[in-house]
Amino acid sequence: MLTAEDFSRFPLLMWDKVLPKVKKAVVFMDDECAEALHWSGGAAALLEAGARNLRQFSSFEACGANEPKAVFVVSTLLKGRTVDVIKDVLSLSHFQYCVVFTTVAHSVHLLANKVTAELEGNPVFEQFEEKLCEWMGNMNYTAEVMHVPVVFAPVSQQLLLTPMFAHLFPLLPPDLETINEKRAEKKRFGSLGDVDMHSLPAELQIEIKSLTSVLNAMFEATGTKEESFSVGPMSRIIAGELASHPQAKNRRKTASNKASIIFVDRTMDLTGAVGHHGDNLAEKILTVLKPLPGHVTDVQVDMLELTSLQRTPHSQNTLAPGCLAQHQSPAAQSLWEAMLTSKQKEGVMEVRRQLVEAASKEKLPIKMSMGRVTPEQLCSYTQLFRNSWGALESHCGLLQLGLATAQTLRHPNLPRWDSCLAFERLLLQALGDSDFPTVLRQLLPLMRPRGGDDSSASGSRSKEDECGPDELILLLVYLYSLADEAQPVDQGSEEEELEKLEKDLIGALTLVITQEMELSPLFQKLTGCSNSEELTTERAHSAMEDMFKTLRGLSHSRDHLKQLHSVYTASDGVHQATYRPFLRQVLEEVFHPDRLECPDIEHMSGGLTDLLKTGFSMFMKVSRPHPSDNPVLLLFVVGGVTPSELRLIKEIVTTHKPGTQVLVLSTRLLRPTDIPELLFATQRLAPDIGV
């Protein structure tokens, strides 16, 4: 019988196709494939398979005469920059045998080359093999090019991520304007729901084709016939592409297993993505610790406490950082699962319990203490291991997770989490009592340069817990995503008042940004400036104006939905106003004991039989596919999922349908600050796919 674990094993099965080829080879890998490998065994898997070295995919790399074999693993089309880098490396080296793995299917390469005819074999790959021999300097040398979808990163038993598609995000109202600009006036789309695959820019079409090709490969490997469902405009396009995938027809005929897959647009619920209501340890670790270089998900854990080195300004460059991906140790893996899907208090208690257990097992002199877990206590437990090399090696994964927890709990930016949460709760209550401009105006007093004269007038706020520019943007996204929930007033006067207020907010935010000593990564992306010296007032003002254009459309994301159109429950005088997670509502519909048909969860037809059923259902009762029909449910959140939502999904399944196997797939594991970067990205409609 098919289980979620069968899908979880798929990434490792794909790497098993790569590993036999790396023996005695120098392996060059781009960041996206390196991140997928990081969660699937890491560099150790390649070295154990016989690889001589692992290097960055860069034109500045080359190998000596004693290194005759190269393996390239890339997540892009074999075009453009990717080809240039491979050519540079081969030309500067002395290879006689070269293997190139691409995660992009040959059919997508044909599409990228504007070839519509069906061709036998893999002509694009065969031509590239000839090029490889040419660049190696001898046409008799050996070259191989093949497609292997090493795309998924198995971050946990419950979650598969796709680093290659980390920047894929649902369509937004400004995107509709961009798409319509290139269309004749009579053929322009009225809403995002009307947009079809062929009207999207070529780069985005190729990215979606690549994603559906990977999903098809996963269903092929597990012998599965899928029923596709969607919620949201982008999800509808992706689900439609998967349903009509040319190679899926034969698979569905012979497949012995069945599963349901529901695609959900992240834009259906941005409130949950930027909010700080998530009581989750992993979410806070991901938010406050620095990302691991070249990675979207994992973070850097300072390992200095496990050594005898003194802390100096350069000590971080001396010691390699730890991380959260711990596939060598079953104990560390189970702890990471608990941190990811438990409440914060439960997660922290489990960290302490496992550290104490490990120390006791190694007979280390541990001092037991009950009550509240403190970062100092966790650090003292980890430091016990540093004088015992055997104990350090045996429990290295566990110690990295323990240090990540301690460093998060004592991080100077953590108090801002609680400050944001408090303000979000105030805004949530105000929405039920006031019109939107009145609620939005409450943010204006916060829009002041950090550490200014009036920032500590109350005597209660420190620089650490006051809202910085990043937090102000998050609060704006939070509020605009709920704008439709505010009390309605006269449309004309509200529009005029809102326009004036937005100008004030843009001016105030411009002043805040230009007075920052150092630009955060978020504001570097928003303004296009790498440091504060580059940033001019005009540039900051222009970036804020563009941001507000996008913000205005956020409240209309669920306008097309008939049933799941709200994530807000107003106060009834007894209970406070609350946020209702969108994914909770979707899953409650899916697992409803009466199998009710939700009009917002759209089934995508996969063939003639389904189309006939849809047609007959207009005038007679026909049993349509339902997401709960199958033993395995895959939930694909397009645009990212939060750790809090993983916990929520686990709780709903346990409560409503305990026997169901649910696996979450997503483009990334979200931090709150990821959402503004994705929302306001200038290249959202033209992703870098290697062309």
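Residues numbered from 1 in each chain as written. Predicted model: local features only at pLDDT ≥ 70, side-chain atom pairs only at ≥ 80, totals over all residues. Heavy atoms only, no water.

Positive phi is not limited to glycine here, since K114 has a value of about 60 degrees. By secondary structure assignment, the location of K114 is in the loop between α6 (106-112) and α7 (123-136). By relative accessible area, which is 73% here, K114 ends up exposed. Of note in the backbone geometry, R595 takes a positive phi value of approximately 50 degrees without being a glycine. As for its placement among the helices and strands, R595 is situated in the loop between α26 (582-590) and β12 (602-604). (Helix = DSSP H or I, 4+ residues; strand = E, 2+ residues; numbered from the N terminus. Buried < 20%, exposed > 50% of the residue type's maximum accessible area, 1.4 Å probe, protein only.)

Between the first and last C-alpha of helix α25 (residues 537-553) there are 25 Å, a value that for 17 residues agrees with the 24 Å anticipated at 1.5 Å per step. Every buried residue belonging to α25 is among A540, A543, M544, M547, F548, T550, L551 and G553, and all of these are buried. (Expected span 1.5 Å × (residues − 1).)

Among the secondary structure elements, S75 is positioned in the loop between β3 (69-74) and α5 (80-92). Polar side-chain contacts of S75 include one of 3.5 Å to the side chain of E32. What S75 contacts, discounting residues up to four positions off in sequence, is D30, E32, C33, T103, V104 and M164. (Polar contact = N/O pair within 3.5 Å; in protein donor to acceptor, adjacent residues only side chain to side chain. Contact = heavy atoms within 4.5 Å.)

With that out of the way, let us pick up the sheet that holds strand β2 (residues 53-56). One open sheet accounts for five strands, arranged β2-β1-β3-β4-β5; its pairing is parallel. Edge positions in the sheet fall to β2 and β5 (142-147), since each has one partner strand and no second. For this sheet the average axis-to-axis angle between neighbouring strands, irrespective of direction, equals 15 degrees. Where β3 lies against strand β4 (residues 97-102), six bridges are found, and the strand directions are parallel. Residue pairing for β4: F72 is matched across the bridge by V100. (Pairing = 2+ DSSP bridges. Axes fitted to C-alpha atoms, helices over the stretch in contact; angles between N-to-C directions.)

Its 12 residues give helix α22 (residues 469-480) an end-to-end C-alpha distance of 17 Å, which sits within 8% of 16 Å, the value for a rise of 1.5 Å per residue. In terms of burial, α22 is largely enclosed, as 12 of its 12 residues are buried. All of the buried residues in α22 are P469, D470, E471, L472, I473, L474, L475, L476, V477, Y478, L479 and Y480.

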